[in-house]
2 protein chains.
Amino acid sequence: MPPTSETLTAERILAATEEVLRRHGPAKATVVDVARALGVSHGSVYRHFRTKAALREAVTKRWLDRTTELLAEIAGATDRDPEARLREWLAALFAAKRRKAGGDPELFATYSVLVGDAGEAVSAHIAELTGQLATIVRDGVQAGTFAVDDPQTAAHAVFQATARFHDPNYAKEWERPGVLGEFEALVDLLVRGLRA
Amino acid sequence: MPPTSETLTAERILAATEEVLRRHGPAKATVVDVARALGVSHGSVYRHFRTKAALREAVTKRWLDRTTELLAEIAGATDRDPEARLREWLAALFAAKRRKAGGDPELFATYSVLVGDAGEAVSAHIAELTGQLATIVRDGVQAGTFAVDDPQTAAHAVFQATARFHDPNYAKEWERPGVLGEFEALVDLLVRGLRA
């Protein structure tokens, strides 16, 4: 990226950081690389992110948030049937992960390493996703579609049960033949378990 | 282990191999180490296992088979209620994995590496476990407890859904507080999904 006179925002630093990570990998990427890509001093970067760890955590959070925002729309569509929303939400999560893993495998591998180090950002991300699922389950209970005592616990169980289709550890399974059939069978089983 | 005049059996070689792996780790353990531990020539070991890879695959299979045998008894107890057997089978699998991971973490880590290399032994192991689960589900369908179209597909879905509680990738989660409650909630959801 050439030097530029645009205002140096946190978002511009994060975009540049992602590009540097893509190019150098998580082990080698430094704040100096990021500053150079932006044509600014590394001090300017440190004014936005006080440590390299903070910058990495922020870029990881940004990456995770992209998925969360996509799914929030489905979770929030309260006018639609809860069972259909649950199926769509799970399918959208799986599709987003597959797209990330398949479309840019190097960046995906890089983020998988960062995610392993970003304990707090990841916990917050999982809590956010489970919260969205709980909203759908709760709507289902109110509509009489689902019958569970504790929507939050049920949502957590559904999230854990589908780990094979969203946990990056399983990414190499996502392009195997038959994987979509396996996903459907699992979702059917879970939806039956939630039903009244 | 001192030299001994006992007959050199495959089982004795595998037991010695496990001990060598425990001591040296998967990267360093050699066939020469195994032969030395048994007080025999490495040629004697090669008469039973033609390559180092074959020896490693056999010792991994032996380790995996210990779990399979334990669970086969529950799967085969056809006089007992299928739902209770399913719950017990899943709990026994989780307990066996926790015991292995917690009781001898170094050996567990070693086997986790070996399992990653032993593609065929692992596929056979998973097929065996899923087959046991399918037996229980099939018994449940016959008894009218469960209602699923295809017990094999449902068993596969149950196995995948519970990965968090048997896949070694998640071993560090198994001693967290609340993990048993999470396990119970997931099993409840799956059992409800299988029910008529």
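Cut-off values and rules
Residues numbered from 1 in each chain as written. Chains lettered and ligands numbered in written order. Predicted model: local features only at pLDDT ≥ 70, side-chain atom pairs only at ≥ 80, totals over all residues. Heavy atoms only, no water. Helix = DSSP H or I, 4+ residues; strand = E, 2+ residues; numbered from the N terminus. Contact = heavy atoms within 4.5 Å. Areas by Shrake-Rupley, 256 points an atom, 1.4 Å probe, with all protein chains shown as cover. Lys, Arg positive; Asp, Glu negative; His and termini not counted. Charge placed at Lys NZ, Arg CZ, Asp CG, Glu CD. Least-squares fit on C-alpha atoms with pLDDT ≥ 70 in both. Buried area = accessible area lost by both parts, 1.4 Å probe. Salt bridge = Lys/Arg side-chain N within 4 Å of Asp/Glu carboxyl O. Axes fitted to C-alpha atoms, helices over the stretch in contact; angles between N-to-C directions. Parallel < 35°, antiparallel > 145°, perpendicular 65-115°, else oblique. Nonpolar A, V, L, I, M, F, W, Y, C, P; charged D, E, K, R; others polar. Phe/Tyr/Trp six-rings, centres within 6.5 Å; stacked < 30°, edge-to-face > 60°. Buried < 20%, exposed > 50% of the residue type's maximum accessible area, 1.4 Å probe, protein only. Domains from an automatic or database assignment. Polar contact = N/O pair within 3.5 Å; in protein donor to acceptor, adjacent residues only side chain to side chain. UniProt positions renumbered as here; feature names shortened; annotations may be inferred. Left-handed = near helix turned anticlockwise from the far one by under 90°. Core = buried A, V, L, I, M, F, W, Y, C linked by side-chain atoms within 4.5 Å.

*Asks:* Got a minute to help me understand the overall build of chain A in this structure?
*Replies:* The helix and strand inventory of chain A stands at 9 helices and 0 strands. Ordered by position from N to C terminus, the α and β elements of chain A give α-α-α-α-α-α-α-α-α. Each of the three principal axes of chain A carries a C-alpha extent, and together these read 60 × 35 × 25 Å. Considering only contacts in chain A between residues 6 or more positions apart, those separated by 24 or more positions represent 68%. For chain A, the accessible area works out to roughly 9,400 Å², and carbon and sulfur atoms hold 54% of it. Of the side chains in chain A, 25 bear a positive and 27 a negative charge, and the two mean positions are spaced by 6 Å.

*Asks:* Got a minute to help me understand the relation of the copies chain A and chain B in this structure?
*Replies:* There are two copies of the chain, and a rotation about an axis plus a shift along that axis relates them. Superposition of chain A onto chain B requires a rotation of 180 degrees combined with a translation of 0.0 Å along the rotation axis, giving an RMSD of 0.0 Å. The transformation just described matches what one would write down for a two-fold rotation axis. Here 100% of the interface residues in chain A have copies in chain B that are interface residues too; the copies meet face to matching face.

*Asks:* Could you clarify how one ought to interpret the interface of chain A and chain B in this entry?
*Replies:* A common way to report how large an interface is uses the accessible area buried once the components associate. Taken together, the contact pairs 23 residues of chain A with 23 residues of chain B. Counting the surface lost from both chain A and chain B, the interface buries some 1,700 Å², and carbon and sulfur atoms represent 58% of this. When the area that chain A buries against chain B is broken down by residue, the three leading residues are A:Q160, A:Y170 and A:L189, summing to 32%. At the junction of chain A with chain B, the criterion picks out 0 salt bridges.

*Asks:* Would you take a moment to explain the packing of helix α9 (residues 179-194) of chain A against helix α8 (residues 151-161) of chain B for this structure?
*Replies:* How two helices sit against one another is set out by the angle between their axes and by the gap between those axes. Packing of α9(A) against α8(B) brings their axes to within 9 Å, and their N-to-C directions diverge by 85 degrees. Regarding the angle of α9(A) to α8(B), the classification is roughly perpendicular. In this structure, α9(A) uses A:E182, A:A185, A:L186 and A:L189 to contact α8(B), whose residues at the interface are B:T153, B:A154, B:H156, B:A157, B:V158, B:Q160 and B:A161. Broken down by class, the residue content of the contact of α9(A) with α8(B) amounts to 7 nonpolar, 3 polar and 1 charged.

*Asks:* How should I be thinking about the packing of aromatic side chains in this particular structure?
*Replies:* By convention here, two paired aromatic rings are described through the distance between centres and the angle between planes. Scanning all chains against the criterion turns up 15 aromatic pairs over all chains. Aromatic pair A:F165 and A:F183: ring centres 5.3 Å apart, planes at 75 degrees, arrangement edge-to-face. Of the two residues, A:F165 sits in the loop between α8 (151-161) and α9 while A:F183 sits in helix α9, which places them 18 residues apart along the sequence. Ring geometry for B:F94 against B:F183: centres 5.0 Å apart, planes inclined by 40 degrees, an arrangement best described as tilted. With B:F94 in helix α5 (residues 82-103) and B:F183 in helix α9 (residues 179-194), this residue pair connects regions lying 89 residues apart in the sequence.

*Asks:* Whenever I open this one, the pattern of salt bridges confuses me. Can you help?
*Replies:* In a structure, side chains of opposite charge can pair up when their charged atoms sit close to one another. Scanning the model with the defined rule gives 34 salt bridges over all chains in all. Salt-bridge contacts for A:E18 lead to A:R62; the nearest nitrogen and oxygen are separated by 3.4 Å. Highlighted residues: A:E18 in helix α1 (residues 10-28) and A:R62 in helix α4 (residues 52-76), separated in sequence by 44 residues. Exposure remark for A:R62: the relative accessible area of 19% places this residue in the buried category. A salt bridge links B:R85 to B:D139, with the nearest nitrogen and oxygen atoms 2.8 Å apart. Placement of the pair is B:R85 in helix α5 and B:D139 in helix α7 (residues 119-143), with a sequence separation of 54 residues. Residue class for B:D139 comes out buried when judged on its relative accessible area of 19%.

*Asks:* Sorry if this is basic, but what is going on with the domain arrangement of chain A here?
*Replies:* All names here are of chain A. Split by domain assignment, chain A resolves into domain 1 (1-50) and domain 2 (60-194). For domain 1 versus domain 2, the distance between C-alpha centres works out to 31 Å. On the domain 2 side, the residues contacting the 8 residues of domain 1 number 10 residues. Summing the contributions of domain 1 and of domain 2, the shared interface buries around 750 Å²; its carbon and sulfur component is 55%. If you sort the residues of domain 1 by the area they bury against domain 2, E18, R22 and P26 come out on top, with a joint share of 66%. Between E11 and R62 there is a salt bridge, with its nearest N and O atoms 3.0 Å apart. At the junction of domain 1 with domain 2, the criterion picks out 5 residue pairs in polar contact (both at pLDDT 80 or more). Tallied by class, the residues present in the side of domain 1 that touches domain 2 amount to 4 nonpolar, 1 polar and 3 charged.

*Asks:* Would you take a moment to explain the UniProt feature "domain: HTH tetR-type" (unreviewed entry) in chain A for this structure?
*Replies:* Those places that UniProt annotates as "domain: HTH tetR-type" (unreviewed entry) correspond, in this numbering, to residues 7-67 of chain A. The distance from the first to the last C-alpha atom of residues 7-67 of chain A is 27 Å, and the span holds 82% helix and 0% strand.

*Asks:* Explanation requested: the packing of helix α5 (residues 82-103) of chain A against helix α7 (residues 119-143) of chain A in the structure shown.
*Replies:* Residues and elements named next belong to chain A. Following both chains from N to C, one finds α5 and α7 inclined at 160 degrees, their axes separated by 9 Å at the closest point. By the angle class used here, α5 and α7 are roughly antiparallel. For the pair α5 and α7, the sense of crossing is left-handed. Taken together, the residues of α7 that come into contact with α5 (itself represented by P82, R85, L86, W89 and L93) are L129, Q132, L133, I136, D139, G140 and A143.

*Asks:* Would you explain the side chain of A:E18 in this entry?
*Replies:* For A:E18, a relative accessible area of 9% corresponds to the buried category. In contact with A:E18, not counting residues within four places along its chain, are A:V59, A:R62, A:W63, A:R66, A:L107 and A:Y111.

*Asks:* Honestly, the nonpolar core in this entry has me stumped. Any pointers?
*Replies:* Counting residues in each nonpolar core, the largest one holds 123 residues, and the members touching the most others are A:W89 and B:W89. Ignoring sequence-local partners within four residues, the contact set of A:W89 consists of A:L71, A:I74, A:A75, A:L129, A:Q132, A:L133, A:I136 and A:F159.

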